[in-house]
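# Coordinates in review
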Amino acid sequence: MNRDLCSMGEFYEELFRRYGEKPAIRYENEITTYADLDAQSAKLASAFHALGMCGNNRVAILIGNRPEFLITEIAAARANVTTVPLNSQLSDEECEYTLSDATPDVLVVGPTFFDTVRDLQQRSQECSHVIGLGSDSELPIGFHSFDGLLEKAPSTPPEPHSRADDIATIFYTGGTTGEQKGTRHTHESIVLNLYSHVYEFEVRKGEIGLLVTPLSHSAGYFAKSILMQGGTVVLDQVFEPEALVQRIENERVSWVYLTPTMIGELLDHPAIADAETSALDTVVYGSAPIPTSRLEEGLEALGPVFVQFYGLTEVPNLVAVLPKAKHDTTEDEWLQSNGIPAQLADVTLLEFGDERDEWGDDIGEVGVRSPYAMEGYVDDGPTAPRSDDEWIRTGDIGRIDDDGRLSILDRIQNVIVSDDQLVYSTKVESVVQRHPAVREVAIIGVPKNQVDYASDVTFRRTEQDIKAILSLDDDEMLDLEELQSFCRGRLDPPAIPKSVDTVGTLPQTPYGKIDKKLLRDPYW
């Protein structure tokens, strides 16, 4: 491998040389070895070239958590083709927008999405080639067969022509503040990011890592990090607590990534009480902190295994990390933070428009720069790289204390103006979450006196009332009066909820975060 200028193709070929016949992926009852990954990705890379793909061509991937997802990514890297991973949990409308924006030349699609792709083709989406997983008899007319292409393709991959600074992947943001944006990432930045993943998330040699969230997002980086260490990636399509416990027991899972909501469901399931989890060494989570009460349960049930991360699509996963050693219920200052900046990330606080004085001297929009930050957005064009000394604005309001701990206070658009004070929804949520009846909570601002404001305003400098939307534990009840009584003394008066709604479960985005945009829509 060229140690100075590393392409993803070289990166993968080094892994294949190192790990050969070791198991790389477990999916259902099948095992894919590193040698299998080598052979299959080499053939698919050759097939891409046979279809006329190279250089600036793009292949979009719309597959659930299956080995073919990773095979396609590896093949694209070896063929010097840019990948566009699509979240398998996106709506048809979101898929259509992303595909129209990304303009892929080839789309690799799993059986679950055949109808979606056919509908898109008929309406608007033009794509030179669609490759479908499954037998020829199952494929819609006009689809290439994934297996058929592998059977016919040469076993020797095309000569790699990619450079370290070529664009390897375009990841799309979650679109929580507007339309999704495509972020461009180079071969070298992804390799650097993977090295940082191994270090920050304590990925050990031979790790057995279980992934249940979409490979198109954070889980894709985690999968590559595990492969980088010669480990085995165990793939599941969906999260189900009992099945996850069985996986941990039967397959000796040592490393897992879960959202905070999933961790809560796991701890609530009776199967965890008697489970054999001694092999489990690391539980990584992101999107939100774990409430202290939940963390105490987790530490008792699983031991000191938790690692929290804060990141964004523009700077994948690794802006700040709260390591295992700081997941200590006696250290509130650490638990209320998002940890310290990752080794390869610089973090600062930036002024937010003309409103700096309102936030306070020690508060600002979090800015980050890193060698694995995106090269730029798709709309920037290929000749508009990001300057090395340009800070990427995260859209998050944060604070950095004297010990270097970063605390994310809120998304800018989620900050609420109540009684002429700024209220951070996350602070209110951390208090409400402590009520023993509350499973999950989302705090939003609603118009005072139900005044009709424009629905497209993303950050409203207008008086609002605090609304708590709660998901309660089974057979529990919590009315407004009791909730307000619980919050008094824990929150300033302007931050105490003025109304409360109860729902079965809180809606989530395809990326595992509570969908506050959806929750606000009926009121704005």
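See the structure above.
Now for a quick tour of the structure. The shown structure was predicted, so the numbers you read here are calculated from the model rather than taken from an experiment.

### With respect to the overall build of the protein
Helix and strand counts for the protein stand at 16 helices and 26 strands. Here the C-alpha radius of gyration of the protein, 23 Å, is about what a compact globule of 524 residues would show, namely 24 Å. By its C-alpha atoms, the protein is 70 × 50 × 45 Å across when sized along the principal axes. Classification of the 524 residues of the protein by burial places 57% in the buried group. Long-range contacts, defined here as pairs at least 24 residues apart, represent 67% of the contacts in the protein between residues at least 6 apart. Here the protein displays about 22500 Å² of accessible surface, and carbon together with sulfur accounts for 45% of that area. In the protein, 44 side chains carry a positive charge and 89 a negative one; their mean positions are 3 Å apart.

### A word on a negative patch on the surface
Judged by side-chain charge, D475, E476, D479, E481 and E482 come together as a negatively charged surface patch. With respect to the helices and strands, E482 occurs in helix 15 (residues 480-487).

### Quick word on the pattern of salt bridges
Inspection of the entire model under this criterion finds 30 salt bridges. As a salt-bridge pair, R204 and E207 come within 2.9 Å of each other at their nearest N and O atoms. Look at R204 and you get partly exposed, because its relative accessible area is 38%. In this structure, R405 engages E333 in a salt bridge whose closest nitrogen and oxygen atoms are separated by 3.1 Å. With a gap of 72 residues between them, R405 in the loop between strand 20 (392-400) and strand 21 (406-411) and E333 in helix 12 (residues 332-335) connect regions that are remote in the sequence. R405 sits in the buried class, given a relative accessible area of 5%. One connected set of salt bridges, linked through shared partners, spans E202, R204, E207, D281 and K324.

### Some remarks on the sheet that holds strand 17 (residues 346-350)
Through backbone hydrogen bonds, the strands of a sheet pair up, either in parallel or in antiparallel fashion. One open sheet holds the four strands; their spatial order is 17-18-20-21, and the pairing between them is antiparallel. Two strands bound the open sheet, and with one partner strand each, they are strand 17 and strand 21. Strand-to-strand, the axes of this sheet are offset by a mean angle of 50°, without reference to chain direction.

### Thoughts on the environment of Y19
Within the secondary structure layout, Y19 lies in helix 1 (residues 8-19). Through-space distance from the C-alpha of Y19 to that of L227 is 9.2 Å; in sequence the pair is 208 residues apart. Not counting residues up to four positions away in its chain, the partners in contact with Y19 are Y34, K205, L227, M228, Q229 and G230.

Conventions adopted
- Residues numbered from 1 in each chain as written.
- Predicted model: local features only at pLDDT ≥ 70, side-chain atom pairs only at ≥ 80, totals over all residues.
- Heavy atoms only, no water.
- Helix = DSSP H or I, 4+ residues; strand = E, 2+ residues; numbered from the N terminus.
- Rg over C-alpha atoms; globule rule 2.2 N^0.38 Å.
- Buried < 20%, exposed > 50% of the residue type's maximum accessible area, 1.4 Å probe, protein only.
- Contact = heavy atoms within 4.5 Å.
- Areas by Shrake-Rupley, 256 points an atom, 1.4 Å probe, with all protein chains shown as cover.
- Lys, Arg positive; Asp, Glu negative; His and termini not counted.
- Charge placed at Lys NZ, Arg CZ, Asp CG, Glu CD.
- Patch = residues over 30% accessible without salt bridge, like charges linked within 9 Å, V, L, I, M, F, W, Y side chains within 5 Å.
- Salt bridge = Lys/Arg side-chain N within 4 Å of Asp/Glu carboxyl O.
- Pairing = 2+ DSSP bridges.
- Axes fitted to C-alpha atoms, helices over the stretch in contact; angles between N-to-C directions.

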